[in-house]
Structures are given as structure tokens and as C-alpha cells.
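A closer look at the structure
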Amino acid sequence: MTLNGNYLVTGGSRGIGRAICIEIARCGGNVGIVYAGNDVAANETKSEVEKIGAKAWVYKLDVADFNAAKTVVEAAAKDMGSIDGLVNNAGVTSDKLLLRMSEDDYDRVLSVNLKGTFNMIKHVSSLMIRARKGRIVNLSSVVGLMGNAGQANYAASKAGVVGLTKSVAKELASRGVTCNAIAPGFIGTDMTAKLTEAQQQAITASVPLARIGAPEEVAHLAVFLLSDMAAYITGEVIKIDGGLYI
């Protein structure tokens, strides 16, 4: 696949986000790396992108902050010259059973995962509408499709991303802008690395393909949706979960 242009990736410093930034660079795109707080990780990702030969910029942002998101989008558009694609990957968890979940646990996860996605789309979409082209890819989760005990907040946020994706797709299609979502299952990131061996074995046993996915596999799908090869796909939610939710 080949990409031409500039792409903004939230949660781009680690895990799936980093893999997406690197894959964008490998396919010929330049990357704006948006991250919440880990300066070292963000600059490591920037270095990896630049080693490939692409341009990279870093922007520190809490995506839940509407006005700060607007400022970062404006800065990125000025630095990069255009924003041809947006990947909303930033997300947090605060897992607890509902009876033990506090209001703050719920609000913070919804603020970052769902409102943060809205904030970025809101500010980037005006640029894409003006250009009459653009690609938006949102990271949902199979948990948002099937639910999961102990993750009422996370599941609600990711289900919300699905509804947001479909609504945005309908609103922006006439302007040449597509909007799709990816719903990963268990992917090998820092989060899954913290699980015990017994927990990882239980996860593997629940997946028909009998393994945890790699961030690079999600990145391949994201870049496909950013590319011209996906020009006639919009409003879709594509699972990449090894068959976990069939």
C-alpha cells in the first residue's frame, strides 16, 4: 500500500499507536504523533519514523480537553501543511466491577475514549471538508460490541465510538471524507504484557486462532483504511480479533 500525505495519530507513542505511526511511514506518509504524557516514548516513535525517511512531529495533548485539541490540530495543520488522515487511537482503562466503579472511573474513561475521539474529529473534519477529502479511522474494541464484565465504562466508551463513527460517516461522505472503525480483540501491548501467564493462557484459549494479535496487524488494517484502496468503504466497523467475537 502507498500513502501520500500527512496523518495525525492520537495515542501514537506506544503500542498500537506506535505501530500505526511506523506503518504509515513505511507506506510513504508523514506522521503527527499525539501523546498524553510519555515524552521519551513519543520521541522514540518520532525517531523510528524518521529512520524510515518520513517526517514526524510530536504533540502533547489530553484529547479530552476540547480547546487544547483545537490548538494541537491547528498547530499540526500549520506544521504539516495538511491533515489527510486522522487515527483516533488514544484510550485509557479503569477496570472495576460496576458496584465498585466510581463516578470518576466512569467519567475519565468516557472523556478520553469517546469525547476525545469527538474532539479530534470535530476539529480535523473542518479541514477535511474544506479540502473535500480525508480519512478518519477510530479505534473501538470488540468489548464495545459484546461487553465485558469489569469494563462497563470501557465497553460503553467503545460502543459509543461505533455510533459516532457511523454518524460521522453519513455526515461527511458527500464531502469526500470516509470514517471507519477498527475493533481489536486481545493485542500484545503493555497492557497484556502485565497479565500473568495463567491469564494469557486463558485469553489464548478463548481465541479461535489460539494467539494474541500483534500491534502491527492492527496497523496494517489502519493503513489500508487510510489508503485509496479503501476509498469506497465508510461507516464500517472491522473486527480484528482472531475470531474471538464471531
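For the structure itself, consult the block above.
Just so we're clear, the structure is a prediction, and the values are computed from it rather than from any experiment.

1. Structural notes on the overall build of the chain
Each helix and strand counted, the chain has nine helices and seven strands in total. Here the chain has a C-alpha radius of gyration of 17 Å; the compact-globule value for 246 residues is 18 Å, and the two agree. Referenced to the eigenvectors of the C-alpha coordinate spread, the extents of the chain come out at roughly 50 × 35 × 35 Å. Residue burial in the chain is summarised as follows: out of 246 residues, 49% are buried. Nonlocal contacts in the chain, meaning residues at least 24 apart in sequence, comprise 73% of its contacts between residues at least 6 apart. For the chain, the exposed surface amounts to about 11,600 Å²; the carbon and sulfur share of it is 53%. Computing the positive centroid from 25 side-chain charges and the negative centroid from 23, the chain places the two 5 Å apart.

2. Points about the packing of aromatic side chains
How two aromatic rings sit relative to each other is set out by the distance from centre to centre and by the angle between their planes. Considering all chains together, one arrives at one aromatic pair under this definition. Both rings, one in phenylalanine 66 and one in phenylalanine 118, keep their centres 6.4 Å apart while their planes meet at 25°; by these two values the pair is stacked. Separated by 52 residues along the polypeptide, phenylalanine 66 in helix H3 (residues 66–80) and phenylalanine 118 in helix H4 (residues 103–131) bring together distant segments of the chain.

3. Observations regarding the pattern of salt bridges
One pass over the structure, following the stated rule, counts 10 salt bridges. For glutamate 23, the salt bridge goes to arginine 26, with nearest N and O atoms at 3.9 Å. Of this pair, glutamate 23 and arginine 26 both sit in helix H1 (residues 15–26), three residues apart, which is roughly one turn of that helix. Its relative accessible area of 11% is what places glutamate 23 among the buried residues. Overall, the relative accessible area of 58% leaves arginine 26 in the exposed class. A salt bridge links arginine 135 to aspartate 228, with the nearest nitrogen and oxygen atoms 3.7 Å apart. Residue arginine 135 is located in strand E5 (residues 134–139), and its partner aspartate 228 is located in the loop between helix H9 (215–226) and strand E7 (237–240); the two are separated by 93 residues in the primary sequence. Since its relative accessible area comes to 65%, aspartate 228 is described here as exposed.

4. A word on the packing of H1 against H9
For the pair H1 and H9, the least separation of the axes is 8 Å and the interaxial angle reads 50°. When the interaxial angle is binned, H1 and H9 end up oblique. In this structure, H1 crosses over H9, and the sense of that crossing is right-handed. Contacts between H1 and H9 involve Gly15, Ile16, Ala19, Ile20, Glu23 and Ile24 on the former and, on the latter, Pro215, Glu216, Val218, Ala219, His220, Ala222, Val223 and Leu226.

5. Quick look at the environment of aspartate 190
Along the chain, aspartate 190 turns up in helix H7 (residues 190–193). In this structure aspartate 190 comes out as partly exposed when scored by relative accessible area, which is 45%. Spatially, the C-alpha atoms of aspartate 190 and glycine 150 are 19 Å apart, while their sequence positions differ by 40 residues.

6. A word on the packing of H1 against helix H2 (residues 39–52)
Their axes nearest at 8 Å, the elements H1 and H2 cross at an angle of 20°. Considering the angle they form, H1 stands roughly parallel to H2. Helix-helix and strand crossings are classified by hand; for H1 and H2 the assignment is right-handed. Contact residues: H1 offers Arg18, Cys21, Ile22, Ala25 and Arg26, while H2 offers Ala41, Glu44, Thr45, Glu48, Val49 and Ile52. Residue composition of the contact of H1 with H2, by class: six nonpolar, one polar and four charged.

7. A short note on the environment of serine 167
Inspection of the secondary structure assignment puts serine 167 in helix H6 (residues 152–172). The class of serine 167 is partly exposed, set by a relative accessible area of 38%. A polar contact of 3.0 Å, which involves the side chain of serine 167, links it to the backbone oxygen of glycine 163.

8. Here we look at the side chain of serine 140
Within the fold, serine 140 resides in the loop between E5 and helix H5 (143–146). Residue class for serine 140 comes out buried when judged on its relative accessible area of 3%.

9. Let's talk about H1
Across its 12 residues, H1 extends 17 Å between first and last C-alpha, which sits within 8% of the 16 Å expected from 1.5 Å per residue. Buried residues dominate H1, accounting for nine of its 12 residues. Listed in full, the buried residues belonging to H1 are Ile16, Gly17, Ala19, Ile20, Cys21, Ile22, Glu23, Ile24 and Ala25. Packed against the buried residues of H1 are strand E1 (6–10), strand E2 (30–35), H2, strand E4 (85–88), E5 and H9. The positive-phi residue at the C-terminal boundary of H1 is glycine 28, with phi of around 105°.

10. Section: a nonpolar patch on the surface
Side chains of Leu145, Met146 and Tyr245 sit close together on the surface and give an oily, nonpolar patch of about 240 Å² of accessible area. Among the secondary structure elements, methionine 146 is positioned in helix H5.

Conventions we followed
Note that residues are indexed from 1 along each chain, following the sequence as it is written. Confidence filtering applies because this is a predicted model: local features only for residues at pLDDT of at least 70, side-chain atom pairs given and counted only at 80 or more, and all residues used for totals across whole chains, interfaces and linings. By convention in this description, side-chain values take in all heavy atoms of the structure and omit both hydrogens and water. Each helix corresponds to a stretch of at least 4 residues labelled H or I by DSSP, and each strand to a stretch of at least 2 residues labelled E; elements are numbered beginning at the N terminus. Atoms considered for the radius of gyration are the C-alpha atoms alone. The globule rule reads 2.2 Å times the number of residues to the power 0.38. To sort residues, take the accessible area from a 1.4 Å probe on protein chains only and compare it with the maximum for the residue type: under 20% means buried, over 50% means exposed, and anything in between is partly exposed. For this analysis, residues touch if any pair of their heavy atoms sits within 4.5 Å. Using a 1.4 Å probe, accessible areas were evaluated by the Shrake-Rupley method; residue-level cover was limited to the displayed protein chains. Positive charges come from Lys and Arg, negative ones from Asp and Glu, while His and the chain ends are left out of the count. Lysine's charge is taken at NZ, arginine's at CZ, aspartate's at CG and glutamate's at CD. Here a Phe, Tyr or Trp ring, Trp counted by its six-membered ring, pairs with any other such ring whose centre lies within 6.5 Å, and the pair is stacked when the planes are under 30 degrees apart, edge-to-face when over 60, and tilted otherwise. Salt bridge, as used here: a side-chain nitrogen of Lys or Arg that lies within 4 Å of a carboxyl oxygen of Asp or Glu. Axis definition: a line fitted to C-alpha atoms, over the contacting stretch in the case of helices. Angles run 0 to 180 degrees between N-to-C directions. Should an angle lie under 35 degrees it is considered roughly parallel, over 145 roughly antiparallel, and from 65 to 115 roughly perpendicular; all remaining angles are considered oblique. It is the rotation of the near helix from the far one that decides the hand of a crossing: anticlockwise by less than a right angle makes it left-handed, clockwise makes it right-handed. When residue character is reported, Ala, Val, Leu, Ile, Met, Phe, Trp, Tyr, Cys and Pro are called nonpolar, Asp, Glu, Lys and Arg charged, and the others, Gly included, polar. We call two N or O atoms a polar contact when they sit within 3.5 Å, provided that within protein one can donate a hydrogen and the other can accept it, with sequence-adjacent residues counted only if both atoms are side-chain atoms. Residue count minus one, scaled by 1.5 Å, sets the expected span of a helix. What makes a patch is a set of residues exposed beyond 30% relative accessible area and free of salt bridges, joined within 9 Å when like-charged and within 5 Å when nonpolar (Val, Leu, Ile, Met, Phe, Trp, Tyr).

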